[in-house]
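Okay, here's what each chain looks like letter by letter:
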Amino acid sequence: MQVSDAQGQMTHQKSKQYDFIVTGASGNIGRHLIPLLGDQGYSILALGRDASALRTMYAKHPQVDCADYEALPGQEICDTLIHLAVRNNDQPGTLEDFTRANVDFTNAVCAHFMRMNGRRFINISSVQALDDSNDSPYAVSKRLAQRNLSASLGAGLDTVYIGYFYDESFFGKKLGILNQLGIFGRALFGLFKTLKPTTSAQSLAVYVANPENDLPKPKILTDDLLRSCLYRGVTRAVDVLAAMAILILLLPMILVLWLVIRLGSPGPAIFAQTRVGKGQVPFTLYKFRTMKRDTASVGTHEVSVSAVTKAGKFLRRTKLDELPQAVNLLRGEMTLVGPRPCLPVQQELVNARSTLGIFSMKPGITGYAQVREIDMSRPQELARSDYVYMKVQSLAINFTLILQTAFGRGRGDRIVSGEAPQG
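**Q** Would you take a moment to explain the overall build of the protein chain for this structure?
**A** A count of helical and extended segments in the protein chain gives 13 helices and 15 strands. The long-range fraction of contacts in the protein chain, counting pairs at least 24 apart against all pairs at least 6 apart in sequence, stands at 68%. Split by element, the accessible area of the protein chain, about 20,000 Å² in all, is 57% carbon and sulfur.

**Q** Before we go on, may I ask you to explain helix α8 (residues 251-264) in this structure?
**A** Given 3.6 residues per helical turn, the α-helix brings residues three or four places apart onto the same face. Between its terminal C-alpha atoms α8 stretches 20 Å, which fits the 20 Å expected from 14 residues at 1.5 Å a residue. Of the surrounding elements, those touching the buried residues of α8 are α7 (229-249), β13 (282-288) and α9 (310-318).

**Q** Sorry, what's going on with the confidence of the model for the protein chain here?
**A** Detail in the predicted coordinates should be disregarded across regions flagged by low pLDDT. Of all residues in the protein chain, 89% have pLDDT values of 70 or greater, and the mean over the chain is 87. A low-confidence stretch, residues 1-13 stays under pLDDT 50, and its non-local contacts, those more than four residues away or across chains, total 33 contacts. Counting contacts from residues 418-423, a segment whose pLDDT is below 50, to residues more than four positions away or on other chains yields 32 contacts.

**Q** When you look at the nonpolar core in this model, what are you seeing that I'm missing?
**A** As a rule of thumb, nonpolar side chains are buried together in soluble globular proteins. Core analysis: the largest hydrophobic core is formed by 48 residues, its most contacted members being Ile220, Phe288, Leu323 and Tyr389. When residues of this core are assigned to their parent elements, the largest contribution, 7 residues, is made by helix α12 (residues 379-392). Ignoring sequence-local partners within four residues, the contact set of Phe288 consists of Ile254, Leu257, Trp258, Ile261, Ala269, Ile270, Phe271, Leu315, Leu320, Asp321, Leu323 and Pro324. Ranked by size, the runner-up nonpolar core spans 28 residues in total, among them Leu33, Ile34, Ile124 and Val160.

**Q** What is the right way to read the sheet that holds strand β4 (residues 44-48) from this model?
**A** To summarise the sheet geometry, strands pair through backbone hydrogen bonds and adopt either a parallel or an antiparallel arrangement. Pairing is parallel in the open sheet, where 7 strands are placed in the order β5-β4-β3-β6-β7-β8-β11. At either end of the open sheet lies a strand with only one pairing partner, and these are β5 (64-68) and β11 (219-221). Sheet twist, expressed as the mean angle between neighbouring strand axes with direction ignored, is 25°. Its contacts with the sheet place helix α3 (residues 95-115) against β3 (17-23), β6 (77-83) and β7 (120-126), and it is angled at close to 165° to β6. Packed onto the sheet, helix α4 (residues 137-153) meets β7 and β8 (157-162) and runs at close to 165° relative to β7.

**Q** Before we go on, may I ask you to explain the packing of helix α1 (residues 28-39) against helix α6 (residues 201-209) in this structure?
**A** A pair of packed helices is captured by two measures, namely the crossing angle of their axes and the spacing between those axes. Running from amino to carboxyl end, α1 crosses α6 at an angle of 55°, the nearest separation of the two axes being 9 Å. With respect to each other, α1 and α6 are oriented oblique. The two elements α1 and α6 meet at a crossing, and its hand is right-handed. Judged by residue contacts, Ile29, His32, Leu33, Leu36 and Leu37 of α1 engage Ala201, Gln202, Leu204, Ala205, Val208 and Ala209 from α6. Counted by class, the contact of α1 with α6 contains 9 nonpolar, 2 polar and no charged residues.

**Q** Would you mind showing me how to read the packing of aromatic side chains here?
**A** The description of two aromatic rings rests on the distance between their centres and on the angle between their planes. Tallied over the full model, the rule gives 8 aromatic pairs. Ring centres 6.4 Å apart and planes at 35° place the aromatic pair Tyr368 and Tyr389 in the tilted group. Of the two residues, Tyr368 sits in the loop between β15 (364-366) and α12 while Tyr389 sits in helix α12, which places them 21 residues apart along the sequence. Assessed through its relative accessible area of 11%, Tyr368 is described here as buried. Among the aromatic side chains, those forming a connected cluster through ring pairs are Tyr164, Tyr166, Phe189 and Phe192. Over the ring of Phe105 we find Arg49; its NZ or CZ atom is 5.4 Å from the centre of that ring. In this structure, Arg87 packs its charged tip against the face of Phe98, placed 5.3 Å from the ring centre.

**Q** Even after reading the chapter, I still don't get the side chain of Thr199, so can you show me in this structure?
**A** Tracing the chain through its elements places Thr199 in strand β10 (residues 198-200). With a relative accessible area of 0%, Thr199 lands in the buried category. Reaching out from Thr199, the side chain makes a polar contact with the backbone nitrogen of Gly163 at a distance of 2.8 Å. Discounting residues that sit within four places of it in the chain, Thr199 has contacts with Ile162, Gly163, Tyr164, Phe165, Tyr166, Leu221, Thr222 and Asp223.

**Q** In this structure, what is going on with empty space enclosed by the protein? I would like to understand it.
**A** The gaps of empty space that remain are located by a probe, the size of a water molecule, rolled over the atoms. On inspection of all chains with the given rule, the structure shows 3 cavities of 30 Å³ or more. In this structure, the second largest cavity spans a volume of roughly 50 Å³. Residue composition of the lining of the second largest cavity, grouped by class: 8 nonpolar, 1 polar and 2 charged.

**Q** Can you help me understand the packing of α7 against α8 in this one?
**A** Direction vectors running N to C along α7 and α8 enclose 65°, while the axes themselves pass 5 Å from each other. For the pair formed by α7 and α8, the contact residues are Ile246, Leu247, Ile248 and Leu249 on the first element and Leu251, Pro252 and Ile254 on the second. Across the contact of α7 with α8, the residue classes break down as 7 nonpolar, no polar and no charged.

Cut-offs used in this document
- Residues numbered from 1 in each chain as written.
- Predicted model: local features only at pLDDT ≥ 70, side-chain atom pairs only at ≥ 80, totals over all residues.
- Heavy atoms only, no water.
- Helix = DSSP H or I, 4+ residues; strand = E, 2+ residues; numbered from the N terminus.
- Contact = heavy atoms within 4.5 Å.
- Areas by Shrake-Rupley, 256 points an atom, 1.4 Å probe, with all protein chains shown as cover.
- Expected span 1.5 Å × (residues − 1).
- pLDDT = per-residue confidence, 0-100.
- Core = buried A, V, L, I, M, F, W, Y, C linked by side-chain atoms within 4.5 Å.
- Buried < 20%, exposed > 50% of the residue type's maximum accessible area, 1.4 Å probe, protein only.
- Pairing = 2+ DSSP bridges.
- Axes fitted to C-alpha atoms, helices over the stretch in contact; angles between N-to-C directions.
- Parallel < 35°, antiparallel > 145°, perpendicular 65-115°, else oblique.
- Left-handed = near helix turned anticlockwise from the far one by under 90°.
- Nonpolar A, V, L, I, M, F, W, Y, C, P; charged D, E, K, R; others polar.
- Phe/Tyr/Trp six-rings, centres within 6.5 Å; stacked < 30°, edge-to-face > 60°.
- Lys NZ or Arg CZ within 6 Å of the ring centre and 35° of its normal.
- Polar contact = N/O pair within 3.5 Å; in protein donor to acceptor, adjacent residues only side chain to side chain.
- 1 Å grid on protein atoms, 1.4 Å probe; cavity = no way out; pocket = protein on both sides within 12 Å on 5 of 7 lines; lining within 4 Å.
- Points joined across faces, edges and corners; volume = space filled by probe spheres on them.

In structure tokens, the structure reads:
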């Protein structure tokens, strides 16, 4: 292998086997991930555009060799390549600029990896790239790079999506001031973590060093907000306030809708149905009745359009049929944003959600899948979407989903005719 010395001269060594080769080794992730791996005794080749700067950066880590990209003749041997080199979304540039950095360069790294006969190519991406509606140059270029890598590497590709990156003593480039505030800074960062998905350097190091610790696809490595007392407390407070506002401020509307339903068709105005809740514990969900009395208790997508009442069509289109779920909010059986609760008889969906750990969350009145028009007629896709939400949930995302629902996104489960009422 050839590497550049501090004066830019080339020296020659025999090919060496590494546990990890890391591109973009001078970036924020590399500077915190590589020392963690080096401290565990792994041999690492750190790649960047300036080998002398890398050697200075990793001078205290004898397990880390450094080289320029241009100094690689293809004689290295590695088990795992960690691809961190990227043009980040906080950098200016056109789609063409991002494509050169995130697609063309990634293709070149992939080709080099294949010549080395490497086993595992870990492609680090951002959770932003998971959102197909995100058309930023960064997200578009990262999705294209992912498709190219998948076509070239197949099972050898391990793409991991992470959130805002930090470690125990580094709160990220954007929040650098918190590093100087000690305990107060850590407390403020705890608040920040409720606002957007985050990923610690420690959890990433554990994952890359233990390939047997596999993740469901898409592989998302983020902190579990369900373990945050602050997040749970704020979410619960919002649920209670929303429920009280509905039951008090909208009481006249609720009474009018109750009367319209009672006069429009035989049967009760409130529809009560058993659904699967958190921990797979059954609970009774309340809605305004939108279907004729004695309609079979099955998924909405299995019901004929003829079963929907005249008033029900309006209620479903406007989502007003959900108003009685304010009672479920007060009881703590549901939350504003979460996976839509399914019926116990929807076993394929129940099994898929159970496998992915979805039942660790409360069911929601609206949700990540719902605003993307993914309903219970597609149980596997719905469970995967619920899983993505579970890994990227935050107060900011919840607020966005509530707004999207309020402005008409998310029509819910389709009935037999192909219409899309709220499920």
